Amino acid sequence: MRPLEYCNGVLKLVDQTKLPLEKKIVELSTYEEIADAIKKMTVRGAPAIGVTAVYGVVVAANSINTSSKDEFFEELKKACDLIKSTRPTAVNLFWAVDRVYNKAVSNKDKSIEQIREIIEAEARLMEKEDIESNRAIGKYGNELIKQNYTILTHCNAGALATCDYGTALGVIRAAHEAGKNISVFADETRPYLQGSRLTVWELMEDNIPVTLICDNMAGHFMKEGVIDCVIVGADRIALNGDTANKIGTYSLSVLAKENNIPFYVAAPISTIDFSIESGEQIPIEERNSEEVTHIKGIRIAPEGIKVRNPAFDVTPNKYITAIITDKGIIYPPYKENIIKLKDA
């Protein structure tokens with residue numbers, strides 16, 4: 001399942017708010033529409049957000065009608081800032097937009113038309129790199145998965161969250177393709193239900209055995225000895241290994257530690273924010289209260305109730321057994337080994 005495709009000035013996205021009941025493709029031809037799609041979670045998952053964002057920059061560059069290079073870059077910067085303002089936690093968004101913008105700036109001596117071509121070429125390269133990095137994560141992660149493992153995952157870190165294959169689900173797919181007799185327990189992942197709507201659907205499509213559970217059932221199954229390991233994705237990883245992921249991940253990590261179950265984070269190197277020392281510096285997005293009070297537009301909570309809806313939480317590095325990246329597996333001490341991997 002490829003969640004996005006850019007062709008002839010139009011970005012096509014699988015509307016993930018409609019899955020699994022309806023497979024709807026939306027076609028976006030302005031960068032404002034693309035920014036709105038990121039904000040409304042039409043597309044989601046840190047790697048997929050990053051690549052969607054750079055195609056937003058491509059669309060923006062093509063829409064700027066001027067012969068002045070200064071004006072072109074001024075308008076391009078405005079578009080980049082708007083796209084980067086959509087979701088504050090996923091570092092891939094900022095990394096991706098900055099990379100393509102800086103690529104354009106470094107070619108400022110070229111014509112505007114050449115710069116547009118350079119921006120699009122960089123965006124396509126980044127899409128290709130994401131697919132390759134997911135496969136590499138799967139290859140490295142497969143080393144940690146034993147025959148007959150039952151793996152617990154949270155939220156959706158699959159093909160839909162990337163350009164193809166997935167991070168956490170990429171590890172699961174690689175193990176399945178290697179012939180290992182594995183099965184998966186998927187948290188439903190309240191309040192947006194990415195587990196029950198997306199992860200379960202993806203795994204069923206690939207004929208990988210999967211069982212859906214409510215988020216608050218995870219501890220029970222860990223204690224019963226059903227779960228062999230936990231694998232989740234990430235939206236931002238600090239230099240010390242602290243990891244921001246979908247709300248509820250921190251609770252799982254504590255439960256896994258208590259029950260002596262390995263807890264793995266799977267993410268590309270681009271998800272590591274080398275500018276922050278710890279998870280305390282990661283901004284946590286707070287989303288609309290209706291995601292909690294409503295399901296598919298139907299109210300399930302009383303009118304006027306006060307709601308908190310943080311989209312992410314931070315898992316301290318002490319609860320993480322290893323971080324599976326596209327460059328290899330990182331073990332504690334995280335800061336030292338993250339820096340080594342960056343410099344390798």
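In short, a report on the structure.

### Considering empty space enclosed by the protein
Taken as a whole and assessed by the stated rule, the structure comprises 2 cavities of 30 Å³ or more. One number sums up the size of the largest cavity: a volume of about 180 Å³. Lining the largest cavity are 23 residues, with Arg 44, Gly 45, Ala 46, Asn 156 and Asp 235 sitting closest to its centre. Every element with two or more residues in the lining of the largest cavity is listed here: helix H2 (46–63) and strand E9 (243–246). Looking at the lining of the largest cavity element by element, the count peaks at 3 residues for H2. Among the residues forming the lining of the largest cavity, the class breakdown is 12 nonpolar, 7 polar and 4 charged. Reported here for the second largest cavity is a volume of approximately 50 Å³. In terms of lining, the second largest cavity is formed by Met 41, Pro 191, Tyr 192, Gln 194, Lys 246, Ile 247, Arg 287, Glu 291, Asn 309, Pro 310 and Ala 311. Tallied by class, residues from the lining of the second largest cavity come to 6 nonpolar, 2 polar and 3 charged.

### A short note on the packing of aromatic side chains
In this description, a pair of aromatic rings is defined by centroid distance and the angle of the planes. This model, assessed by the stated rule, comprises 5 aromatic pairs. Centroid distance Tyr 6 to Tyr 55: 4.9 Å. Interplanar angle 15 degrees. Geometry classified as stacked. Taken as a pair, Tyr 6 in strand E1 (residues 4–7) and Tyr 55 in helix H2 lie far apart in primary sequence, 49 residues in all. Of the two residues, Tyr 6 and Tyr 55, neither departs from the other in class, the shared state being buried. Aromatic pair Phe 73 and Tyr 101: ring centres 6.4 Å apart, planes at 80 degrees, arrangement edge-to-face. Here Phe 73, found in helix H3 (residues 69–84), pairs with Tyr 101, found in helix H4 (residues 91–105); they are 28 residues apart in sequence, far enough to count as distant. Judged by its relative accessible area of 5%, Phe 73 is buried. Taken together, the ring pairs in this structure connect Phe 72, Phe 73 and Tyr 101 into an aromatic cluster. Sitting above the plane of the Phe 73 ring, Lys 108 keeps its charged end 5.0 Å from the centroid.

The rules behind each value
Residues numbered from 1 in each chain as written. Predicted model: local features only at pLDDT ≥ 70, side-chain atom pairs only at ≥ 80, totals over all residues. Heavy atoms only, no water. 1 Å grid on protein atoms, 1.4 Å probe; cavity = no way out; pocket = protein on both sides within 12 Å on 5 of 7 lines; lining within 4 Å. Points joined across faces, edges and corners; volume = space filled by probe spheres on them. Helix = DSSP H or I, 4+ residues; strand = E, 2+ residues; numbered from the N terminus. Nonpolar A, V, L, I, M, F, W, Y, C, P; charged D, E, K, R; others polar. Phe/Tyr/Trp six-rings, centres within 6.5 Å; stacked < 30°, edge-to-face > 60°. Buried < 20%, exposed > 50% of the residue type's maximum accessible area, 1.4 Å probe, protein only. Lys NZ or Arg CZ within 6 Å of the ring centre and 35° of its normal.

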